[in-house]
Amino acid sequence: MAKLTSSQFIQFCLQYSSLALLYYDYFLTLGREIKYIWFGKIRLSTLLYVFCRYAMVANVIFALALTNKLPSMSCNAAYQLSSALSVLGRAAIMLVWGMRTYAVFGRSRIVVAIFGTLGLFVFILAALHVPHVACKGGSDNPIATNLLSAFTVVFEVLLTVFTTFRGIQALRAGGPWKNQRDGVVFMILEQGLLYFIFVTGFTTTALVLNYAASPASFLKKLLNGLTIPISGLMTARFLLHLREWEGRRLATLADVRTGAELETVQFSRTVRPRQERSLLDSLTDDFGEDPTTSYPQETSTNRD
């Protein structure tokens, strides 16, 4: 086997560390996934969870290509296949956080217009980026690559600003924060901030490297093996938290409402009349209601 250069060694280390992190987290959450995803009702969030969690097989394909373990496929072809799978994961990630923002802002059409447009633009750029990726050297379409990095950061930062603002509004109106730590609003705010800290840090660094590194430098692709996998991991965990919160709350409500048929979690006591509900409203039920419309905030049992 040829001796690895320092850049190849670093690239392998990052790729293998991302795989180790993904599968370690997978085994940590497998029990909850079986209980709340596979044994739960099939709905939109189930499909999004599958793409967030299992589109990350792209990392395995890319790692095998880098180590020449796919003799029937060139490294560039494997990288393009990996990138195509990552596009599905990226789309699911943006849908989850975008629909969460839409839900907590009272299902505002303005929010749909802002994040729908941004999300669609990022998705198109990601798809256009796929044919131009290469294992060695830079992309032959640097404009699309740079725009993809830039608008991904813009999308994530705006999501964090919107939902943090709404979450703080709801928590302030709901009384002392310490009494709301087990509520869904606190959980959504907490998960959103964790996502911002861990994921947006990587995407921002990747953006800087895209502009600062020379076109042929491996530094331009240094964090590619970490950004989407960690983003998918955090998003899948968020969906699991929502399902777990829902399951515990329904169990609590079942004790006091014997015989009630509760199919989805009620984040708000204000429900739109059926004739006023759009398809988008129905698809967003998994992600809740505007938390500022109903107080006092209901809480669930403690989360792990």
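Up top you'll find the structure we're talking about.
Below: a short report on this structure.

Here is what the cut-offs are and how they apply
Residues numbered from 1 in each chain as written. Predicted model: local features only at pLDDT ≥ 70, side-chain atom pairs only at ≥ 80, totals over all residues. Heavy atoms only, no water. Core = buried A, V, L, I, M, F, W, Y, C linked by side-chain atoms within 4.5 Å. Buried < 20%, exposed > 50% of the residue type's maximum accessible area, 1.4 Å probe, protein only. Helix = DSSP H or I, 4+ residues; strand = E, 2+ residues; numbered from the N terminus. Contact = heavy atoms within 4.5 Å. Patch = residues over 30% accessible without salt bridge, like charges linked within 9 Å, V, L, I, M, F, W, Y side chains within 5 Å. Areas by Shrake-Rupley, 256 points an atom, 1.4 Å probe, with all protein chains shown as cover. Salt bridge = Lys/Arg side-chain N within 4 Å of Asp/Glu carboxyl O. Axes fitted to C-alpha atoms, helices over the stretch in contact; angles between N-to-C directions. Parallel < 35°, antiparallel > 145°, perpendicular 65-115°, else oblique. Left-handed = near helix turned anticlockwise from the far one by under 90°. Nonpolar A, V, L, I, M, F, W, Y, C, P; charged D, E, K, R; others polar.

## A closer look at the nonpolar core
Of all hydrophobic cores here, the largest spans 48 residues; its most connected members are Val96, Phe238 and Phe287. Of all elements in the fold, only helix 1 (6-38), helix 2 (44-54), helix 4 (75-104), helix 5 (109-129), helix 6 (142-173), helix 7 (184-212) and helix 8 (224-256) reach the threshold of two or more residues within this core. No other element matches the 11 residues that helix 8 contributes to this core. Beyond its immediate sequence surroundings of up to four residues, Val96 is in contact with Leu48, Cys52, Thr235, Phe238, Leu239 and Phe287.

## Section: a nonpolar patch on the surface
Side chains of Val157, Val161, Leu193, Leu194, Phe196, Ile197 and Phe198 sit close together on the surface and give an oily, nonpolar patch of about 560 Å² of accessible area. It is helix 7 that contributes the most residues to the nonpolar patch, 5 residues altogether.

## Quick look at unusual backbone geometry
The backbone of Arg107 shows a phi angle near 55°, a positive value even though the residue is not glycine. Here Arg107 lies in the loop between helix 4 and helix 5. For Arg107, a relative accessible area of 4% translates into the label buried.

## Examining the packing of helix 1 against helix 2
The relative placement of two packed helices is expressed as an angle between their axes plus a distance between the axes. At a minimum axis distance of 12 Å, the contact between helix 1 and helix 2 shows a crossing angle of 165°. Judged by the inter-axis angle, helix 1 sits roughly antiparallel to helix 2. Helix 2 is crossed by helix 1, and the crossing has left-handed handedness. Only Thr46, Tyr49, Val50, Arg53 and Tyr54 of helix 2 make contact with helix 1, whose side of the interface consists of Leu22, Asp25, Tyr26, Thr29, Glu33, Ile37 and Trp38. Grouping the amino acids of the contact of helix 1 with helix 2 by side-chain chemistry returns 7 nonpolar, 2 polar and 3 charged.

## A word on the side chain of Thr29
With respect to the helices and strands, Thr29 occurs in helix 1. You can call Thr29 buried: its relative accessible area is 0%. Residues within four places of Thr29 in sequence aside, it is in contact with Arg53, Arg237 and Leu240.

## Describing the pattern of salt bridges
Taken as a whole and assessed by the stated rule, the structure comprises 4 salt bridges. For the salt bridge of Arg53 with Asp25, the shortest nitrogen-to-oxygen distance reads 2.9 Å. Placement of the pair is Arg53 in helix 2 and Asp25 in helix 1, with a sequence separation of 28 residues. Across the pair, exposure class does not vary: Arg53 and Asp25 are buried alike. In this structure, Arg53 and Glu33 form a salt bridge, with 4.0 Å as the shortest nitrogen-oxygen distance. Of this pair, Arg53 sits in helix 2 while Glu33 sits in helix 1; the two residues are 20 residues apart in sequence, bridging distant segments of the chain. The class for Arg53 is buried, based on a relative accessible area of 9%. Ionic contacts of the salt-bridge type, sharing partners, join the residues Asp25, Glu33, Arg53 and Arg237 into one network.

## Describing the packing of helix 1 against helix 3 (residues 57-66)
Running from amino to carboxyl end, helix 1 crosses helix 3 at an angle of 150°, the nearest separation of the two axes being 10 Å. Here helix 3 runs roughly antiparallel to helix 1, going by the angle between their axes. The handedness of the crossing between helix 1 and helix 3 is left-handed. For the pair formed by helix 1 and helix 3, the contact residues are Gln11, Phe12, Gln15, Tyr16, Ser18, Leu19 and Tyr23 on the first element and Asn59, Val60, Phe62, Ala63 and Leu66 on the second. Of the residues that constitute the contact of helix 1 with helix 3, the class distribution is 8 nonpolar, 4 polar and no charged.

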